[in-house]
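# Topology and contacts: notes
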Amino acid sequence: MGPVPQPRTASGSAEQNGHQRLVGIGAGPANLGLAALLHGDPQQPNLFIDRKPSFTWHDDQLITGATLQVSIFKDLVSLSDPTNRFSFMSYLHEHGRMYHFLNAQFAEVPRNEFRNYLAWAAETNENVVFSESVERVDFDGVFRVTTNRRQITADNIAVGVGTVPWVPEFAEPHLGKGHFHVSQYLSHAKELAGKRVAVIGGGQSGAEAFLDLISRPESERPAWVSWVSRRRNYFPIDDSTFTNDFYMPGYSDYFYRLSESKRAELNSAHLLSSDGISESTLRAIYQQLYRLQFIERDEHRFGLLPNRTVMSADRTGTGTFEVSLRHNDESGQSQCLPVDAVVWATGFRPAPKAFLEPLMDRVETENGEVRVDEDYAISWDGPPDRNIFVQNAVRGQRGLPDVNLSLNAWRAQRIANRLRGLNAPEPAMSFIDWSAKNGRGTQWTR
Ligand SMILES: Cc1cc2nc3c(=O)[nH]c(=O)nc-3n(C[C@H](O)[C@H](O)[C@H](O)COP(=O)(O)OP(=O)(O)OC[C@H]3O[C@@H](n4cnc5c(N)ncnc54)[C@H](O)[C@@H]3O)c2cc1C
């Protein structure tokens, strides 16, 4: 077993202050994959900077029992560079737990084990530093990246700043006063004992919060929990074989070449292949409801309210809240939910990138996104060998996989290949002929 890595912060060493081939802004899974692929290449000196004090991965949502929603092969590197030392397999090996992992036979990998793997990859890569925030990027032939500590120059930058929690505007003034976003769930969940709680949002995060609240021991359980969703029912993620072909590189390239309006249509049509709830979570919820209603005979503790849109959340004179719901099918029907607390599981939006402001009048945009080429480099008026790569910021152009882990390793490989001037072979195409332009599936060959 290798040494247990210690958290590091920015060392400010000579190499780290020197000119870089690439500076990465943010060190979440997206940029960590790129950092792993570039690691050890003397032609590609690189530095990845993250403002957090140390690595975390949605830590305040690591509810007991939460699992990864994708295959463990979708780690930082395996799908593009399986022998890379930052693979999940390498993590298991270094920690002496290969056999245990196999014998555990996880149907779904615990999310905190994947989080620990990511932390190990960040902490054992000396090109990744924490406690440093990028504040501004200028360009004068090279990129000048200004952080709260120093200025670094680079030929290229890779922006991987992820997403930030989102709540409806009318909820914003209430945050912190009994209302919180699910990204802060563990910090607040204990305050909910004995209260009337609404969980708003019918995706995986809302489902996990609802399951946790109805499964808590009696002393920590809310008096009442309602689970509200705009969707018509609590729909599962579609993780079936052919649907997963949407999460292959070939489909991503096909999608990229479609018209803007067609891409928007497909993202909406296929949303549940990404944003639905794991079947195991749905089953656990259903079984717990059965226990509560028929075994514990505790039937007045939960409410299931799908197919409703939250219209407002107002504070009453007594300090509680009234959440107003509009039914989506029954015209004119609304309901009022009196609650003490609200968990907003209403999703995430791309993180603001104010540090790019000095360059924004030089870049192309499309429908609120920066426009990227096939290698995730922003189209701009700078020299062609000076690139601004973006990861997890162009769902409109690259589709639903852009925000999740599925194409992380492949996307990072595309960027690494561009830096190295390589045209590496792509994975074999899907069995499906997405495009009518290649005609493969219509030709009989012997
Ligand atoms: C609870 C949860 C569970 C998920 N589970 C799955 C899953 O099972 N499967 C799946 O495919 N996807 C999952 N996702 C979606 C996706 O994989 C993750 O959101 C993933 O973390 C995205 O990676 P990222 O690197 O793009 O962004 P992030 O992980 O958000 O990382 C961005 C980093 O940038 C840093 N940063 C931001 N601004 C600056 C700055 N100015 N200077 C320096 N650093 C900065 C931040 O500190 C942060 O560390 C999940 C999402 C959530 C919320």
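In the nomenclature of an unreviewed UniProt entry, the protein corresponds to L-lysine N6-monooxygenase MbtG from the organism Streptomyces anatolicus. What the UniProt record of the protein gives under Pathway (unreviewed entry) is the line "Siderophore biosynthesis." The record held by UniProt for the protein lists under Cofactor (unreviewed entry) the comment "FAD".

### Quick notes on the site of the ligand
Of all residues adjacent to the ligand, which total 30 residues, the nearest are Asp50, Trp57, Gln69, Asn392 and Leu405. Within the backbone of Ala30, an N or O atom sits 2.9 Å from an oxygen atom of the ligand. Between the ligand and Leu405 there is a distance of 2.7 Å, counted from an oxygen atom to a backbone nitrogen or oxygen. When the ligand is considered free in solution it has 980 Å² of accessible area, and contact with the protein chains removes 89% of it. Among the residues making up the shell around the ligand, the classes are represented as 14 nonpolar, 11 polar and 5 charged.

### Let's talk about the layout of surface pockets
There is about 330 Å³ of room inside the second largest pocket. Lining the second largest pocket are 18 residues, and of these Leu79, Ser80, Pro249, Trp410 and Pro427 sit closest to its centre. When residues in the lining of the second largest pocket are grouped by element, the largest group, 5 residues, is from helix α14 (residues 408–420). For the lining of the second largest pocket, the residue count by class is 10 nonpolar, 5 polar and 3 charged.

### Some points on the packing of helix α9 (residues 249–256) against helix α10 (residues 260–269)
Direction vectors running N to C along α9 and α10 enclose 135°, while the axes themselves pass 9 Å from each other. Classified by the angle their axes make, α9 and α10 are oblique. Across from Tyr251, Phe255 and Tyr256 in α9, the residues of α10 making contact are Arg263, Leu266 and Asn267. The residue makeup of the contact of α9 with α10, split by class, is 4 nonpolar, 1 polar and 1 charged.

### Quick look at the domain arrangement of the protein
Split by domain assignment, the protein resolves into domain 1 (14–162 + 351–420) and domain 2 (165–236 + 276–344). A C-alpha centroid distance of 33 Å is found between domain 1 and domain 2. Each side of the interface is counted separately: domain 1 has 9 residues, and domain 2 has 15 residues. When domain 1 packs against domain 2, the two sides together hide about 940 Å² of surface, and 41% of this comes from carbon and sulfur. When the area that domain 1 buries against domain 2 is broken down by residue, the three leading residues are Asp60, Gln61 and Ile63, summing to 62%. Summed over the shared surface of domain 1 and domain 2, the number is 1 salt bridge. Here Arg111 makes a salt bridge to Glu208, at a shortest N to O gap of 3.0 Å.

### Points about empty space enclosed by the protein
Scanning the model with the defined rule gives 3 cavities of 30 Å³ or more in all. Its boundaries defined by the atoms lining it, the largest cavity holds a volume of some 70 Å³. Along its surface, the largest cavity is lined by Phe246, Tyr247, Tyr251, Phe255, Leu266, Asn267, His270, Ser273, Gly399, Leu400 and Pro401. At the level of elements, α9 and α10 are the ones that each hand at least two residues to the lining of the largest cavity. Per-class residue counts for the lining of the largest cavity are 7 nonpolar, 4 polar and no charged.

### Quick notes on unusual backbone geometry
Although it is not a glycine, Gln105 sits at a positive phi angle of roughly 50°. For Gln105, the location among the structural elements is in the loop between α4 (98–104) and α5 (111–123).

### Digging into the sheet that holds strand β14 (residues 334–339)
Judged by pairing direction, the sheet is antiparallel, and its 3 strands sit side by side in the order β12-β13-β14 without closing on themselves. Because the sheet does not close on itself, it has two edges, and the strands there are β12 (308–315) and β14. The mean inter-strand angle of the sheet, taken between neighbouring strand axes irrespective of direction, is 25°. Of the strand pairs in this sheet, strand β13 (residues 321–327) and β14 are connected by 6 bridges, and their pairing is antiparallel. Counted as the bridge partner of Leu325 is Gln335 from β14.

### A word on the pairing of β13
Where a strand is regular, its side chains alternate between the two sheet faces. Side chains Phe321, Val323, Leu325 and His327 project from β13 onto a buried face, and the interleaved Glu322, Ser324 and Arg326 project onto a face without burial. As paired elements, β12 and β13 share 7 bridges and run antiparallel to each other. Across the sheet, residue Arg315 finds its bridge partner in β13, namely Phe321. Counting the residues between successive antiparallel strands, the hairpin from β12 to β13 contains 5 residues, one of them, Gly319, with a positive phi of roughly 90°. Connecting the antiparallel pair β13 and β14 is a turn made up of 6 residues, with Gly332 showing a positive phi of about 80°.

Reading the values: rules and limits
- Residues numbered from 1 in each chain as written.
- Predicted model: local features only at pLDDT ≥ 70, side-chain atom pairs only at ≥ 80, totals over all residues.
- Heavy atoms only, no water.
- UniProt positions renumbered as here; feature names shortened; annotations may be inferred.
- Near = heavy atom within 4 Å.
- Polar contact = N/O pair within 3.5 Å; in protein donor to acceptor, adjacent residues only side chain to side chain.
- Areas by Shrake-Rupley, 256 points an atom, 1.4 Å probe, with all protein chains shown as cover.
- Nonpolar A, V, L, I, M, F, W, Y, C, P; charged D, E, K, R; others polar.
- 1 Å grid on protein atoms, 1.4 Å probe; cavity = no way out; pocket = protein on both sides within 12 Å on 5 of 7 lines; lining within 4 Å.
- Points joined across faces, edges and corners; volume = space filled by probe spheres on them.
- Helix = DSSP H or I, 4+ residues; strand = E, 2+ residues; numbered from the N terminus.
- Axes fitted to C-alpha atoms, helices over the stretch in contact; angles between N-to-C directions.
- Parallel < 35°, antiparallel > 145°, perpendicular 65-115°, else oblique.
- Contact = heavy atoms within 4.5 Å.
- Domains from an automatic or database assignment.
- Buried area = accessible area lost by both parts, 1.4 Å probe.
- Salt bridge = Lys/Arg side-chain N within 4 Å of Asp/Glu carboxyl O.
- Pairing = 2+ DSSP bridges.
- Buried < 20%, exposed > 50% of the residue type's maximum accessible area, 1.4 Å probe, protein only.

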